[in-house]
Amino acid sequence: MKINLSGHHVDITDSIKEDVNLKFSKIATHFPTLISLDIIISKEHGEFQVELRTNYEGSRISASGSDAVMYPAIAMAAKKLDAALKHRKGQLKADLHQKPVSTTPEIAAEIIQEMKLT
């Protein structure tokens, strides 16, 4: 998985890159069809905000996290992204299962017409 990491009012250091790669290596193993992940780390009003965006199986998924310290903000955003990807994966798997087909008529009037009421 390719990670595009950028900062807005934040210098991206090697330790930040290592932490991001460590956090998202688990997500990369659980969702091997993920090709790329866009991460924007910004600092506004003394608070770090992390925005994540990716495409997974034809849908755009994004998550964000914010905290006064950068590393918990990254962890929060990673947790939200993992939950969103699991939700999308569940939706895709649910579409594969066939829904049960009703063999009896659903309308009560049809049932009454079939009955011999004499």
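For the structure, see preceding data.
Residues numbered from 1 in each chain as written. Predicted model: local features only at pLDDT ≥ 70, side-chain atom pairs only at ≥ 80, totals over all residues. Heavy atoms only, no water.

The next point concerns the pattern of salt bridges. All chains considered together, the criterion is met by two salt bridges. Here Arg53 makes a salt bridge to Glu51, at a shortest N to O gap of 3.0 Å. Under the relative-accessibility criterion, Arg53 is labelled partly exposed at 32%. Its salt-bridge partner being Lys86, residue Asp82 comes within 3.5 Å of it at the nearest N-O pair. You can see Asp82 and its partner Lys86 sitting in helix α2 (residues 70–96), four residues apart, about one turn around the helix. Residue Asp82 is classed as buried on the basis of its relative accessible area, which comes to 13%. (Salt bridge = Lys/Arg side-chain N within 4 Å of Asp/Glu carboxyl O. Buried < 20%, exposed > 50% of the residue type's maximum accessible area, 1.4 Å probe, protein only. Helix = DSSP H or I, 4+ residues; strand = E, 2+ residues; numbered from the N terminus.)

Spatial ordering of the open sheet is given by β1-β2-β3-β4, a layout of four strands whose pairing is mixed. Two strands lie at the open edges of the sheet, namely β1 (2–8) and β4 (59–67), each paired on one side alone. Strand-to-strand twist of the sheet, defined as the mean angle between neighbouring strand axes without regard to direction, takes the value 15°. Bridge count for strand β3 (residues 47–56) against β4 is nine bridges, and the pairing is antiparallel. Across the sheet, residue Thr54 finds its bridge partner in β4, namely Ile61. (Pairing = 2+ DSSP bridges. Axes fitted to C-alpha atoms, helices over the stretch in contact; angles between N-to-C directions.)

Read these as spatial facts, not as claims about activity.
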